[in-house]
Structure formats: structure tokens, C-alpha cells
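# Understanding the architecture of this molecule
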Amino acid sequence: MASVSQWIEGARPRTLPNAIAPVLVGTGAAASLDGAVWWKAVLALVVSVALIVGVNYANDYSDGIRGTDDVRVGPLRLVGSKLASPAAVKRAAFACFGLAGVVGVVLALTSAWWLILVGALCIAGAWYYTGGRNPYGYSGFGEVAVFVFFGLIAVLGTQFVQAERIDWAGAVSAVAVGSFSSAVLVANNLRDIPTDTESGKRTLAVRLGDRGTRTLHMALLVVPFVVTLILVARTPWALVGLLALPLAVKANAPVRSGGQGLALIPALAGTGLAMLVWGATTALALGLG
């Protein structure tokens, strides 16, 4: 039976910046419209964190029962390592989705009822990433989904439930966060190209190949800093987002240098850290602006 620490590791805490950064940026964007509401920001954070932990457990379950994780290079997988039963991991995933759904309904009822439909779409997207008969994550659409769900929807949804509207600053910031989130997955899938190819998992990295995937990671990390310069039109404080640039360069270093396998794990953590710092500084800048 898996220990508490193993369940925590199985939740993949390195991916939490993907959940935290969009809420920070969305709240900053709401503040720039004089619409920040702290308790709604907290509820949005609960939804975002619950969704990402849920999708991580769902991914663990689905990959585990397919045998995709039988040979694993990266962090611990509960089902693949036989530390937890598939049923237990599946229950954990749906418990997280349930929490996200309940809190999401509360937010929707205080802003716009149709957000319930958006939330349902997010939960379905989380499950069918690797679940179901034809998971889209196995067909190369994972990065697109991450860009949409943990970029566009997460940032703009956070801004909307607080300010009750969105604007161009929120939109470009959502593109930046989505690019960071996609870069995290690109680094993960770059590491897994050999095992994914062997198991028949046709991720975008497998389709692009090693060289193309490394180029994509760098391109995605450039986008947020272009957005930083665009946001100067809203407030000159946006330039503090450039503080994350050295972290992004460091995160890309193992990718640029041709690192393989375990050598690429720092790229995941580094990309997440760069996203978190960019998100926090940009949120502060938008709030001050």
C-alpha cells in the first residue's frame, strides 16, 4: 500500500505551478479592472489545484492499466509501480474532480451559470487526456489541451469570476501562461520519447521528433516575455516579468544541451518555477497598474 508521501509524489507536485500561476495572473488581471475579489480567487485556486491533481491521478491510472508506465524514467507512478491499486487511484482522481466541480459550481452561481458548462468541459478534458478508448493525449493533442485549459480558460475564467469581464491584458497574459504550461508538458514528453514510442503513445514530442521538440520548448518559453513587452502598454510595471527570464533560460539549458532521460527532469521543475515567478510578478504588475 502506498504511503502518504508516495501519494503526494504521485500527485506530481512539480506540476502545481501550472495550477497556481494562472490564478495569480487572472487575479492580477481582475485587479487591473478594479475587480479583484479575494475569496473568489481562493475558490478559483482550489478548482485549479484540484483539477491538476485529478488529471495527474487520472493519467497515472489510465497509463498504468495500459502498461504505458511499466518502464518509467520519470517520477513515481502509483499504478505502474504497483504501490496502489488502479481502483484506488481512479477514486482519488474522481474525488479531485468532484471537489473541483462543487467549488466551480459555487463560483458559477456567483458570476455566470454557463461557467458550469465550461467546468464540465474541463473535467471531461482532464479525464479523456489519457482515459477512454481514444485518449487525445496519445494522439499529440496534449499540449493544445494544456494551453487551453491551464492557460486560456484558467486565466480568463479567474479574471471573469472576479471582475465579471475580461480584457486584452487578461487575454495576452492567458496566452503567456498557456505557453508556459505547454512547455512543461513538452519537456516531460521529450524525456519520454523513447518509452512512449515503444508503447505506441503518439505524443506531440513523438510526432515532432527529438530536434523539433527541443525547438518547440524554446519557442514556447519565448512567448511569455514577448507578452511582457506587450503588457507595458497597460503598465510599465509589467517589465518586472523579465525577472523570470534567467529562470527560463536555465530551464531550457538541459533541452538545449541535448539532455536525455533523467537529465531532463530539471527542465520540468525549472519551467514550472519560471512560470510561477512570471505569474507572480506579472500579477503584481497588473494589480499596481
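Up top is the structure.
Residues numbered from 1 in each chain as written. Predicted model: local features only at pLDDT ≥ 70, side-chain atom pairs only at ≥ 80, totals over all residues. Heavy atoms only, no water.

### Regarding the overall build of the protein chain
In terms of regular secondary structure, the protein chain is built from 11 helices and 0 strands. Listed N to C, the secondary structure of the protein chain is α-α-α-α-α-α-α-α-α-α-α in terms of helices and strands. For the protein chain, the spread of C-alpha atoms along the principal axes amounts to about 50 × 45 × 30 Å. The long-range fraction of contacts in the protein chain, counting pairs at least 24 apart against all pairs at least 6 apart in sequence, stands at 76%. (Helix = DSSP H or I, 4+ residues; strand = E, 2+ residues; numbered from the N terminus. Contact = heavy atoms within 4.5 Å.)

### Some remarks on the nonpolar core
Soluble, globular proteins show a tendency: their nonpolar side chains are buried together. In this structure, L51, Y57, L78, V89 and F97 are the most contacted members of the largest nonpolar core, which totals 40 residues. When contributions to this core are tallied by element, the ones reaching two or more residues are α2 (17-31), α3 (38-66), α4 (86-109), α5 (115-128) and α6 (142-163). What V89 contacts, discounting residues up to four positions off in sequence, is W7, Y57, D60, Y61, L78, V79 and A84. A174, F180, F225 and M275 belong to the second-largest nonpolar core, a separate cluster that totals 25 residues. (Core = buried A, V, L, I, M, F, W, Y, C linked by side-chain atoms within 4.5 Å. Buried < 20%, exposed > 50% of the residue type's maximum accessible area, 1.4 Å probe, protein only.)

### Thoughts on the packing of aromatic side chains
Using the criterion set out here, one finds 8 aromatic pairs in the structure. Between the aromatic rings of W7 and Y57, the centroid separation amounts to 5.5 Å while the plane-to-plane angle is 75 degrees, which identifies the pairing as edge-to-face. One end of the pair, W7, is in helix α1 (residues 4-10); the other, Y57, is in helix α3, and 50 residues separate them in sequence. Judged by its relative accessible area of 21%, W7 is partly exposed. Judged by its relative accessible area of 8%, Y57 is buried. For the ring pair F180 and W278, a centre distance of 6.2 Å and an interplane angle of 55 degrees mean the geometry is tilted. (Phe/Tyr/Trp six-rings, centres within 6.5 Å; stacked < 30°, edge-to-face > 60°.)

### Focus: a nonpolar patch on the surface
Nonpolar side chains collect at one region of the surface, where L229, V232, L239, L242, L245 and V249 lie side by side and expose about 460 Å² of accessible area between them. Mapping V232 onto the fold places it in the loop between α9 (204-231) and α10 (245-256). (Patch = residues over 30% accessible without salt bridge, like charges linked within 9 Å, V, L, I, M, F, W, Y side chains within 5 Å. Areas by Shrake-Rupley, 256 points an atom, 1.4 Å probe, with all protein chains shown as cover. Salt bridge = Lys/Arg side-chain N within 4 Å of Asp/Glu carboxyl O.)

### Some thoughts on the packing of α6 against helix α7 (residues 168-191)
Between two packed helices, what matters for the description is the angle formed by their axes and the separation of those axes. Where α6 contacts α7, the axes come no closer than 7 Å and their chain directions differ by 145 degrees. Crossing of α6 over α7 shows right-handed handedness. Here α6 contributes G142, E143, V146, F147, F150, G151, L152, V155, L156 and Q159 to the contact with α7, which in turn contributes G170, A171, A174, V175, V177, G178, S179, S181, S182, L185, V186 and N189. Here the residues of the contact of α6 with α7 sort into 12 nonpolar, 9 polar and 1 charged. (Axes fitted to C-alpha atoms, helices over the stretch in contact; angles between N-to-C directions. Left-handed = near helix turned anticlockwise from the far one by under 90°. Nonpolar A, V, L, I, M, F, W, Y, C, P; charged D, E, K, R; others polar.)

### Considerations on unusual backbone geometry
Of note in the backbone geometry, R12 takes a positive phi value of approximately 60 degrees without being a glycine. Assignment of secondary structure puts R12 in the loop between α1 and α2. R12 sits in the buried class, given a relative accessible area of 14%.

Geometry only, nothing functional implied.
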